[in-house]
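The primary structure of each chain is shown beneath.
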Amino acid sequence: MAEGVTTQHRRLFSIEQAFAEGNPYADYAWFRAHDPVHVGEPGWPLGQPQVFLFRHRDVMQWLRDPRMVKRASQLPEFQALREERQWEPPEQDTFGFAASRFMLFQDPPDHTRLRSLANRAFTPRVVADRREEIEAIAADLLRAFRGEQGGEGDLIQALAYPLPVLVIASVLGIPPEDMHRFRDWAAVLGAAIDLPMAGLADFAARADDATRDMSDYLRGIVTARRDDPRDDLISRLIVARDEEGRLTDDELIATCILLMIAGHETTVNLIANGTLALLRHPDQWQRLVADLSLSGNATEELLRYDSPVQLTTRIVADEVEIGGVVVPRGSEVFFMLGSANRDEAVWDDPDTVRLDRQVGRHMAFGMGIHFCLGAPLARLEGEVAFQTLARESPGLELRDPHPAWRPGAVLHGLGRLDVRLSG
Ligand code: HEM
């Protein structure tokens, strides 16, 4: 954006507007073509203009740059503002308290330490051992959907939601019969991560209540596993806490909360958005039905085509220049992952689903040191879900051709997806 151009003379990107109808892709295309490094309104944390990156190459390059950090508290100006305004640190068990201990919102060295503790449970090799378990869960869920509802109704309730939830519970070591308790907590906290849409005070209170209840519940599980360790991630984190001193009690609980939210609110969208995209491209659905071995590549293409996480943000720790735009220290940068994944400079015909395309490096799981820890698990869950659906219900039909999108800018997903199993 050339200097001196005022907001009256240019188009301002509005997240709310772009997502209002659930299809931000036309807006993204416009910005990629006309204003790919878009300077927006002044915003958090220091009142500098927010900067939005729409192109694949910028997203990829700058997400890997160490000057793009998570914590504003790295900046001396922010510390000064904090003292001047006398901001208190968040109280124990509030959402702010837990979130400030999520690896997702940390920088090195704390980020490196926390990530390395959970990492082993999510490597591709360890995850691959869960394939049979995940296939059995998916097959059971579809059987129950047929048995209880005649295979007609909301696929999110029937498959897309319970599959990842049961799997992450199994990884962590949370009894599956307690899963219903997490549903509302995870929904509230997932929306709290959807920052641009969730600034309301009563919403913050609900997020704090959910954090408190979830923390209490998890502390009970930690006590039980301390007395009776099992082969699960919570038991391993307890060893790291008690015997090796590598994390605090608060970090242990926060890590479990983060993994539960991530396990609830993202893969659901991969399965539901992906199924919708397949049913809207019937030729591609038929390809999958005819050749189930396409389901791995199909998962990558569907992650690219309608990304479950549409954006992530960083704070600029040191002035940088991006595509000719000087971005001062303290600016918040929005990495538009969903836009990068439709970049015509990288993919031919990016607005079309093609299950056999060479998908290459999409940005759906981010890039750099925060690259999604759960990516191997999410990929396997997606692959199993699409494969099971295509095998068990080759004539799958969409009952509502225009399902409604939930509000939200970070997490992109449907409220419900009405289908009929068939064949
Ligand atoms: C299709 C499903 C998923 C998508 C699209 C997704 C997407 C992402 C993205 C874009 C990031 C990077 C955020 C950033 O750079 O700020 C991320 C980070 C993360 N994801 Fe996922 N995710 C998915 C599933 C999961 C699952 C199933 C888990 C856990 C079981 C998980 C755990 C995490 C964690 C812990 C981080 C933070 C990593 C770090 O800060 O180093 N994700 N995810």
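These numbers were taken from a predicted model, which means no experiment stands behind them.

Trainee: Got a minute to help me understand the overall build of the chain in this structure?
Mentor: Tallying secondary structure elements over the chain gives 19 helices and 10 strands in all. For the chain, the spread of C-alpha atoms along the three principal axes comes to 60 × 55 × 40 Å. The proportion of buried residues among the 423 residues of the chain is 43%. Long-range pairs, those at least 24 residues apart, make up 73% of the contacts in the chain between residues at least 6 apart in sequence.

Trainee: Even after reading the chapter, I still don't get the site of the ligand, so can you show me in this structure?
Mentor: Looking at the ligand, there are 25 residues lining it, with Ala262, Gly366, Cys372, Gly374 and Ala378 nearest. If you list the elements that add at least two residues to the shell around the ligand, you get helix H10 (162-172), helix H14 (249-265), helix H15 (267-280) and helix H19 (375-392). In terms of residue count, H14 provides more of the shell around the ligand than any other element does, four residues in total.

Trainee: Got a minute to help me understand unusual backbone geometry in this structure?
Mentor: Negative phi characterises most residues that are not glycine, and trans characterises most peptide bonds. Following tryptophan 44, the chain continues into proline 45 via a peptide bond in cis, with omega recorded as -5 degrees. Summarising the element assignment, proline 45 is placed in the loop between strand E1 (37-42) and strand E2 (49-53). Note the cis peptide between proline 108 and proline 109, where omega equals 5 degrees. Within the secondary structure layout, proline 109 lies in the loop between helix H5 (95-99) and helix H6 (110-119). Phi at glutamine 86 is positive, roughly 55 degrees, even though this residue is not glycine. Among the structural elements, glutamine 86 can be located in the loop between helix H4 (76-85) and H5.

Trainee: Could you clarify how one ought to interpret the sheet that holds strand E9 (residues 397-398) in this entry?
Mentor: Note: strands within a sheet are paired through backbone hydrogen bonds, in either parallel or antiparallel orientation. Pairing is antiparallel in the open sheet, where three strands are placed in the order E4-E10-E9. One side of each edge strand has no neighbouring strand; the edge strands of this open sheet are strand E4 (152-154) and E9.

Trainee: Whenever I open this one, the environment of aspartate 194 confuses me. Can you help?
Mentor: When you line up the elements, aspartate 194 lands in the loop between helix H11 (179-193) and helix H12 (201-227). Separated by 37 residues in sequence, aspartate 194 and aspartate 231 have C-alpha atoms that sit 33 Å apart. Apart from residues no more than four positions distant in its own chain, aspartate 194 is found in contact with Gly408, Ala409, Val410 and Leu411.

Trainee: For this particular structure, what's the right way to read the sheet that holds E2?
Mentor: Reading across the sheet, the five strands line up as E1-E2-E8-E5-E3 and stay open at both edges, with mixed pairing between neighbours. In this open sheet, the two edge strands, each paired with only one partner strand, are E1 and strand E3 (68-69). Pairing geometry for strand E5 (residues 311-316) and strand E8 (residues 332-336), over five bridges, is antiparallel. Bridging across to E8, threonine 313 finds its partner in phenylalanine 334. Docked against the sheet, helix H3 (residues 56-63) engages E1, E2, E3 and E8, running at close to 125 degrees with respect to E8.

Trainee: Would you explain the pairing of E2 in this entry?
Mentor: For a regular strand, the rule is simple: side chains alternate between the two faces of the sheet. In this sheet, E2 lies alongside E1 in antiparallel orientation, the contact comprising four bridges. Pairing of valine 37 across the sheet is with leucine 53, part of E2. Joining the antiparallel neighbours E1 and E2 is a turn of six residues, in which glycine 47 adopts a positive phi near 80 degrees. Judged from the three bridges that link them, E2 and E8 form a sheet pairing that is parallel. Its bridge partner being in E8, valine 51 is matched across the sheet by valine 333.

Trainee: Any chance you could explain the packing of H15 against H19 here in plain terms?
Mentor: How two helices sit against one another is set out by the angle between their axes and by the gap between those axes. It is the contact of H15 with H19, at a shortest axis distance of 10 Å, that shows an interaxial angle of 35 degrees. Where H15 crosses over H19, the handedness of that crossing is right-handed. On the side of H15, the interface is formed by Thr267, Leu270, Ile271, Gly274 and Thr275, while H19 contributes Ala378, Glu381, Gly382, Ala385, Phe386 and Leu389. Its residues placed into classes, the contact of H15 with H19 shows six nonpolar, four polar and one charged.

Trainee: Can you walk me through H10 in this structure?
Mentor: Along an α-helix, residues three or four positions apart point the same way, because every turn accommodates 3.6 residues. Counting buried residues along H10, nine of its 11 residues qualify, which places the element largely inside the surrounding structure. Here H10 has its buried residues at Pro162, Leu163, Pro164, Val165, Val167, Ile168, Ala169, Val171 and Leu172. At the exit of H10 stands glycine 173, carrying a positive phi of roughly 100 degrees.

Trainee: Got a minute to help me understand the pairing of E8 in this structure?
Mentor: Taking burial as the measure, the five residues of E8 include five buried ones, the bulk of the element. Across the two faces of E8 the burial is the same, with Glu332, Phe334 and Met336 and Val333 and Phe335 all buried.

Trainee: Got a minute to help me understand the confidence of the model for the chain in this structure?
Mentor: For residues with low pLDDT, the predicted coordinates do not support detailed interpretation. Per-residue pLDDT for the chain has a mean of 92; in total, 96% of the residues score no lower than 70. Low pLDDT, under 50, characterises residues 1-8; the predicted model gives this stretch seven contacts beyond four residues in sequence or across chains.

Trainee: Even after reading the chapter, I still don't get H15, so can you show me in this structure?
Mentor: With 14 residues, H15 ought to run about 20 Å at 1.5 Å a step, and its terminal C-alpha atoms sit 20 Å apart, in line with that. In terms of burial, H15 is largely enclosed, as 11 of its 14 residues are buried. Taken as a whole, H15 has its buried residues at Thr267, Val268, Asn269, Leu270, Ile271, Ala272, Asn273, Gly274, Thr275, Leu276 and Leu278. In the core, the buried residues of H15 are packed alongside helix H9 (155-160), H10, H14, helix H16 (282-290), helix H17 (295-305) and H19.

Trainee: Just checking my understanding: could you explain the environment of leucine 337 for this structure?
Mentor: Position of leucine 337 relative to the elements: it lies in helix H18 (residues 337-340). Separated by 25 residues in the primary sequence, leucine 337 and histidine 362 place their C-alpha atoms 8.4 Å from one another.

Trainee: Any chance you could explain the packing of helix H8 (residues 131-149) against H19 here in plain terms?
Mentor: Between H8 and H19, whose axes approach to 10 Å, the crossing angle comes to 45 degrees. In terms of their interaxial angle, H8 and H19 are classed as oblique. For the pair H8 and H19, the crossing hand works out as right-handed. Contact residues: Arg131, Ile134, Glu135, Ala138, Ala139 and Leu142 in H8; Leu380, Glu381, Val384, Ala385, Thr388 and Glu392 in H19. Grouping the constituent residues of the contact of H8 with H19 by class yields seven nonpolar, one polar and four charged.

What counts as what
- Residues numbered from 1 in each chain as written.
- Predicted model: local features only at pLDDT ≥ 70, side-chain atom pairs only at ≥ 80, totals over all residues.
- Helix = DSSP H or I, 4+ residues; strand = E, 2+ residues; numbered from the N terminus.
- Buried ≥ 20, exposed ≤ 12 C-beta atoms within 10 Å, placed from the backbone.
- Contact = placed C-beta atoms within 7 Å.
- Near = placed C-beta within 6 Å.
- Pairing = 2+ DSSP bridges.
- Axes fitted to C-alpha atoms, helices over the stretch in contact; angles between N-to-C directions.
- Left-handed = near helix turned anticlockwise from the far one by under 90°.
- Nonpolar A, V, L, I, M, F, W, Y, C, P; charged D, E, K, R; others polar.
- pLDDT = per-residue confidence, 0-100.
- Expected span 1.5 Å × (residues − 1).
- Parallel < 35°, antiparallel > 145°, perpendicular 65-115°, else oblique.

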